[in-house]
Amino acid sequence: MSSGDSKPSAYLCRRLTHDVELALQARYNLHINEHDSILGPNEIAHLAKGSQILFVTATESVTEGLIEQLSPCLRYVATLSVGYDHIDMAAANRFGIQVLHTPDVLSEACAEIAMMLILTACRRGYEADQLVRSGQWQGWSPTQLLGVGLTGRRLLIFGMGRIGREIAKRARAFGMQIHYHNRRRLDPDQEMGALFHENLDNALSNADIVMVAAPGSPALKGIINAESIARMPDGSVLINISRGDLVDDDALINALNSGKLFSAGLDVFSNEPHVDARYFALKNVFLTPHIGSATRETRDAMGWMLVNGLEQLRQGQQPSNLISTN
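Throughout this document, residue positions are counted from 1 along each chain, in the order its sequence is written. At least 70 in pLDDT is required for a residue's local features to be given in this predicted model, at least 80 for side-chain atom pairs to be given and counted, and no such filter applies to totals for whole chains, interfaces and linings, which use all residues. Heavy atoms from the whole structure form the basis of all side-chain values; hydrogens and water molecules are not counted.

A. Just the packing of helix H5 (residues 107-122) against helix H7 (residues 162-173), in detail. Think of each axis as a best-fit line through the C-alpha atoms, taken over the contacting stretch in the case of a helix, with angles from 0 to 180 degrees between the N-to-C directions. Counting from the N terminus, the helices are the DSSP runs of H or I reaching at least four residues and the strands are the DSSP runs of E reaching at least two. Interhelical geometry of H5 versus H7 gives an angle of 50 degrees and a closest axis separation of 8 Å. Judged by the inter-axis angle, H5 sits oblique to H7. H7 is crossed by H5, and the crossing has right-handed handedness. On H7, the residues that touch Ser 107, Glu 108, Cys 110, Ala 111, Glu 112, Ala 114 and Met 115 of H5 are Arg 162, Ile 163, Glu 166, Ile 167, Arg 170 and Ala 171. When residues are sorted by character, Ala, Val, Leu, Ile, Met, Phe, Trp, Tyr, Cys and Pro go into the nonpolar class, Asp, Glu, Lys and Arg into the charged class, and all the rest, Gly among them, into the polar class. Along the lines of polarity and charge, the residues of the contact of H5 with H7 split into seven nonpolar, one polar and five charged. Orientation is classified from the angle alone, with under 35 degrees giving roughly parallel, over 145 giving roughly antiparallel, 65 to 115 giving roughly perpendicular, and any other angle giving oblique. What makes a crossing left-handed is the near helix being turned counterclockwise from the far one by less than a right angle; a clockwise turn instead makes it right-handed. Contacts are residue-level and defined by heavy atoms, with any inter-residue pair within 4.5 Å sufficient.

B. Structural view of the packing of aromatic side chains. Only rings of Phe, Tyr and Trp enter the pairing, Trp through its six-membered ring, and a pair is recorded when the two centres are within 6.5 Å. The plane angle decides the type: under 30 degrees is stacked, over 60 is edge-to-face, the rest tilted. All chains considered together, the criterion is met by two aromatic pairs. When the ring of Tyr 28 is compared with that of Phe 55, the centres are 6.0 Å apart and the planes differ by 50 degrees; the resulting orientation is tilted. Of this pair, Tyr 28 sits in the loop between helix H1 (18-27) and strand S2 (29-32) while Phe 55 sits in strand S3 (residues 53-56), and the two are 27 residues apart along the sequence. Judged by relative accessible area, which is 3%, Phe 55 ranks as buried. Arranged with centres 5.2 Å apart and planes meeting at 45 degrees, the rings of Tyr 180 and Phe 196 form a pair that is tilted. One end of the pair, Tyr 180, is in strand S7 (residues 177-181); the other, Phe 196, is in strand S8 (residues 195-196), with 16 residues separating them in the sequence. In terms of burial, Tyr 180 and Phe 196 fall into one category: buried. The classification of residues rests on relative accessible area computed with a 1.4 Å probe and restricted to protein chains. Under 20% of the type maximum is buried, over 50% is exposed, and intermediate values are partly exposed.

C. Spotlight on the sheet that holds S3. DSSP calls a pair of strands paired once it identifies at least 2 bridges connecting them. If you trace the five strands from one edge of the open sheet to the other, you get S2-S1-S3-S4-S5, paired in parallel fashion. Edge positions in the sheet fall to S2 and strand S5 (98-100), since each of these pairs with one other strand and no more. The average angle at which neighbouring strand axes cross in this sheet is 20 degrees, direction not considered. By the bridge criterion, four bridges tie S3 to strand S4 (residues 76-79) in an arrangement that is parallel. Residue pairing for S4: Phe 55 is matched across the bridge by Ala 78.

D. How the structure looks around the nonpolar core. Only buried residues count toward a nonpolar core. Its members are Ala, Val, Leu, Ile, Met, Phe, Trp, Tyr and Cys residues joined through side-chain atoms within 4.5 Å. Within the largest apolar cluster, 29 residues are counted, with the highest numbers of intra-cluster contacts made by Leu 155, Ile 167 and Met 211. Mapped by element, the contributors of at least two residues to this core are H5, strand S6 (154-158), H7, S7, strand S9 (209-212) and strand S10 (236-240). If one sorts the elements of this core by residue count, H5 sits on top with eight residues. Apart from the residues within four sequence positions on either side, Ile 167 is in contact with Ala 111, Ala 114, Met 115, Leu 155, Ile 157, Met 211, Ala 213 and Ile 241. Of all hydrophobic cores here, the second largest spans 28 residues; its members include Leu 200, Ile 229, Tyr 279 and Leu 282.

E. Highlighting the domain arrangement of the protein chain. For the domain bounds, the source is a domain assignment made automatically or taken from a database. Each domain of the protein chain was delimited in the assignment, giving domain 1 (9-101 + 295-315) and domain 2 (106-287). Here the C-alpha centroids of domain 1 and domain 2 sit 32 Å apart. Across the interface of domain 1 and domain 2, roughly 540 Å² is buried in total on both sides, 69% from carbon and sulfur atoms. When a carboxyl oxygen of Asp or Glu is within 4 Å of a side-chain nitrogen of Lys or Arg, the pair counts as a salt bridge. Remark: the boundary between domain 1 and domain 2 carries one salt bridge. Put simply, buried area is the surface a 1.4 Å probe can reach on two separate parts but cannot reach once they are joined, added for both.

F. Representation of the sheet that holds strand S11 (residues 261-266) in the model. Strand order in the open sheet formed by seven strands is S8-S7-S6-S9-S10-S11-S12, and the pairing between neighbours is parallel. The sheet is open, and its two edges are formed by S8 and strand S12 (285-287), each paired on a single side. Two elements, S6 and S9, share four bridges in a ladder whose sense is parallel. Following the sheet pairing, Ile 157 is matched in S9 by Met 211. Sheet strands touched by H7: S6, S7 and S9. Its angle to S6, the strand with the most contacts, is close to 170 degrees.

G. Just helix H12 (residues 296-314), in detail. Over its 19 residues, H12 extends 27 Å from the first C-alpha to the last, a length consistent with the 27 Å expected when each residue adds 1.5 Å. Buried within H12 we find Thr 298, Asp 300, Met 302, Gly 303, Met 305, Leu 306, Val 307, Gly 309, Leu 310 and Leu 313. Buried positions along H12 lie against H1, S3, S4, S5 and H5. At the C-terminal side of H12, Gly 316 shows a positive phi close to 80 degrees. Any helix carries an expected span of 1.5 Å times its number of residues minus one.

H. Region of the structure containing a nonpolar patch on the surface. In this analysis, a patch consists of residues with relative accessible area above 30% that form no salt bridge, clustered at 9 Å for like charges and at 5 Å for the nonpolar side chains Val, Leu, Ile, Met, Phe, Trp and Tyr. Calculation of accessible area relied on Shrake-Rupley with a 1.4 Å probe; when residues are assessed, cover is drawn exclusively from the protein chains displayed. On the surface, Val 132, Trp 137 and Trp 140 cluster together into a nonpolar patch covering about 430 Å² of accessible area. Within the secondary structure layout, Trp 140 lies in the loop between helix H6 (125-133) and S6. Look at Trp 140 and you get exposed, because its relative accessible area is 72%.

I. Quick look at the pairing of S10. A large share of S10 lies buried, amounting to five of its five residues. Judged by which residues are buried, S10 turns out to be covered on both faces: Ser 236, Leu 238 and Asn 240 on one side and Val 237 and Ile 239 on the other are all buried. When S9 meets S10, the two strands line up parallel, connected through four bridges. Within the sheet, the bridge partner assigned to Ile 209 lies in S10 and is Val 237. At this point the chain moves from S9, through helix H10 (residues 226-231), to the parallel S10, and the crossover so formed is right-handed. A clockwise course of the path from the first strand over the helix to the second, judged with the strands pointing away from the viewer, identifies a crossover as right-handed.

Following this line, the structure appears as structure tokens:
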């Protein structure tokens, strides 16, 4: 990145928090998607033409075609996300583009949403809220809205990375037994007594609540399908805070309708923001609009991580959140 007096040109695909945007405007000749709409690759290519820096989020697809259209000006892509499966990293490497992301700083916020989804799915939060709001609540009853308690329940965390470990820490406080499935087993000091399952099928059969927290990856698309749900105990609960396409919608909806699963909690969906409308008719699913990291403190920290990482690159340093090193 040039250290001269002229500001590098940058394009911001989605609106960020106030302080972060001020920092970007002070450092760059910044053009902003004022409408904060989700832009397709061709739209970004047109609006960001001539930009050296492209700020994106998980809602933008940084395809080979987009990278090619923005070359040779484009030098950096900074994504406000931990995952980077929405970026064609092979193309970025080929065109010599350095990519920054935002690991670590959102783990606690995502774990909080995970626990909220567990609680609302197990304790029938949507039904309880609707009962009160509708004016149909007739008062307390011994058998009203009986749910699933957490104490002693087996929580399977599929993806025991930073976020998964923060979830486990909170779940232990509720008296839950922690199981996990990873590509590789954790060190004992990270496991903290959690039971490792090398095989996902075996893990699913030993879970009362399944938490999908694995990183997004094309190889994992549809991994929670009819066959995997069939292996879960009857009356179990499924939570997804990872990527929507890891769960097969048909299989999950059928399981919720049939009673195979007691309930589900979803913060992510296939084809966001176009949610499968069949979920709306189900009382035993709690839905949130991809708000895992949606605290002001977390979004500020994510934005500043990108700002600081780009500054380190300008100074010839290698920031900890750099993905590609070309």
